[in-house]
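Below, each chain spelled out in residue letters.
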Amino acid sequence: MPGPHEELQQLDPSDSMKRTIEVVDLLLGQIEEEEEGKGDGEAVSRALGLIAEKENEAVSYYMRPLDSDEIYNRLINLHESRGEMDAADHYKSMIDQRRARKWTRYGDLHSVLGDNTLAVKYFERALFYGPRDDVVDEVRKALSKAGKRVDKAGSRLPITLKKLEGRPSDVKLIGDAAKYLIDLNMIEEAIDTNGKILKLAPADFESLHREGCLQFLVGNREEAMQIFSTLKEDNPNSTKAKSAYNWTRDLLNGDVSVD
């Protein structure tokens, strides 16, 4: 099998995951034709072995599975048809790791945005699919932290709202209420509450940051990016501003989702 087989042999994982996927795709096309026509079984075995080797190298180098469910599904089908269930199970586990990585990143993102109700949901999904062994503990810790934030918000919000009845212009109390509302995924209520602070103190950093988070959560990502960009420029030493800006930029560039 000349062509893709030879190129894949020469590819180093550091060259480009995208190119590795492209060449594997071409080689799989040849393998599928050979299998359909009952061609050279030894050549197919060598090609599948090479793909397994290069997949392992890429996973080790990039610390994540290949960025393609399609490739993994084709490999699963091929190995199952050949009765090679261990190989098929390995590639199934890679798809699960891709799912776990996706939901972990969404959990991290929503923790940064303050919506810990969604963060809990996403971290739980990540654990369901099974993250890599080296990050399982981190995901569990993140889930625990987000869960505690949700529990605190649930208990503190009624108390804070009660206090606000007597002090309706207290910026700190309004800010606390907005924060708890976001924690509980009560986004529309949080937007209204946070808007009250922006009228009272339009330059308040925390309120502007929350406004960026809220705009992101309702889908206005470009507007959120503008808010976070301004906050980062005005507060260059703020980790909070940098983190929100970086996450928003990465998502807009397509670097957060693994789909």
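As a reminder, the structure under discussion sits directly above these lines.
Attention here is on the structure that accompanies the text. (Residues numbered from 1 in each chain as written. Predicted model: local features only at pLDDT ≥ 70, side-chain atom pairs only at ≥ 80, totals over all residues. Heavy atoms only, no water.)

A word on the overall build of the protein. Helix and strand counts for the protein stand at 12 helices and 0 strands. From first element to last, N terminus to C terminus, the protein shows the α and β order α-α-α-α-α-α-α-α-α-α-α-α. Taken against the 2.2 N^0.38 rule, which gives 18 Å for 259 residues, the C-alpha radius of gyration of the protein at 24 Å runs more than 25% over that of a compact globule. Oriented by its inertia axes, the alpha-carbon framework of the protein measures out at about 80 × 35 × 25 Å. A buried classification covers 43% of the 259 residues belonging to the protein. Within the protein, residue pairs in contact and separated by at least 24 positions form 57% of the contacts whose partners lie at least 6 positions apart. Summing over all exposed atoms, the protein offers an accessible surface of approximately 13600 Å²; the carbon and sulfur share of this is 48%. (Helix = DSSP H or I, 4+ residues; strand = E, 2+ residues; numbered from the N terminus. Rg over C-alpha atoms; globule rule 2.2 N^0.38 Å. Buried < 20%, exposed > 50% of the residue type's maximum accessible area, 1.4 Å probe, protein only. Contact = heavy atoms within 4.5 Å. Areas by Shrake-Rupley, 256 points an atom, 1.4 Å probe, with all protein chains shown as cover.)

Turning next to the pattern of salt bridges. Applying the stated criterion to the full structure yields 20 salt bridges. Between Asp69 and Arg98 there is a salt bridge, with the nearest N and O atoms lying 2.6 Å from each other. Of the two residues, Asp69 sits in helix α4 (residues 69-81) while Arg98 sits in helix α5 (residues 85-113), which places them 29 residues apart along the sequence. What makes Asp69 buried here is its relative accessible area of 16%. The class for Arg98 is buried, based on a relative accessible area of 4%. The closest approach of N and O atoms between Arg140 and Asp137, which form a salt bridge, is 3.6 Å. Of this pair, Arg140 and Asp137 both sit in helix α7 (residues 136-166), separated by 3 residues, roughly a single helical turn. Accessibility expressed as a relative area gives 49% for Arg140, which makes it partly exposed. (Salt bridge = Lys/Arg side-chain N within 4 Å of Asp/Glu carboxyl O.)

Moving on, we come to the packing of helix α9 (residues 187-200) against helix α10 (residues 205-217). Between α9 and α10, the shortest axis-to-axis distance is 10 Å and the interhelical angle comes to 150°. With respect to α10, the axis of α9 lies roughly antiparallel. In this structure, the crossing between α9 and α10 has a hand that is left-handed. Along its contact with α9, which presents Ile187, Ala190, Ile191, Asn194, Ile197 and Leu198, the element α10 presents Ser207, Leu208, Arg210, Glu211, Leu214 and Leu217. In terms of residue class, the contact of α9 with α10 is made up of 8 nonpolar, 2 polar and 2 charged. (Axes fitted to C-alpha atoms, helices over the stretch in contact; angles between N-to-C directions. Parallel < 35°, antiparallel > 145°, perpendicular 65-115°, else oblique. Left-handed = near helix turned anticlockwise from the far one by under 90°. Nonpolar A, V, L, I, M, F, W, Y, C, P; charged D, E, K, R; others polar.)

Position of Asp183 relative to the elements: it lies in helix α8 (residues 171-183). Polar side-chain contacts of Asp183 include one of 3.3 Å to the side chain of Arg149. When near neighbours in sequence (up to four residues on either side) are disregarded, Asp183 contacts Gly114, Asp115, Asn116, Thr117, Arg149, Val150 and Ala153. (Polar contact = N/O pair within 3.5 Å; in protein donor to acceptor, adjacent residues only side chain to side chain.)

Not every positive phi belongs to a glycine, and Met63 is a case in point at roughly 60°. With respect to the helices and strands, the residue Met63 is situated in the loop between α3 (41-62) and α4. The exposure class of Met63 is partly exposed, given its relative accessible area of 43%. Even without being a glycine, Asn185 presents a positive backbone phi close to 60°. Structurally, Asn185 can be placed in the loop between α8 and α9.

With 22 residues, α3 extends 31 Å from end C-alpha to end C-alpha; this agrees with the ideal 32 Å at 1.5 Å per step. For α3, the full list of buried residues reads Ala43, Val44, Ala47, Leu48, Leu50, Ile51, Lys54, Glu55, Ala58 and Val59. Buried positions in α3, seen along its axis, are confined to an arc of 165° and lie on one side of it. Across α3 from its buried face, at more than 90 degrees, point the exposed residues Glu42 and Arg46. Among the structural elements, α1 (4-10), α2 (17-36), α4 and α5 are those in contact with the buried residues of α3. In the segment just after α3, Met63 is the residue with positive phi, at about 60°. (Expected span 1.5 Å × (residues − 1). Arc of directions from axis to C-beta.)

Another point: the side chain of His79. Take His79: it is sitting in helix α4. Those residues within four positions of His79 in sequence are excluded, and the remaining contacts are Leu48, Glu84, Ala87, Ala88 and Tyr91.

Looking now at helix α6 (residues 116-129). Compared with an ideal rise of 1.5 Å per residue, which puts 14 residues at 20 Å, α6 spans 20 Å between its outermost C-alpha atoms and is within 8% of the ideal. When we look at burial in α6, the residues that qualify are Asn116, Leu118, Ala119, Val120, Tyr122, Phe123 and Ala126. Structurally, α6 contributes buried residues whose contacts are with α5, α7 and α8.

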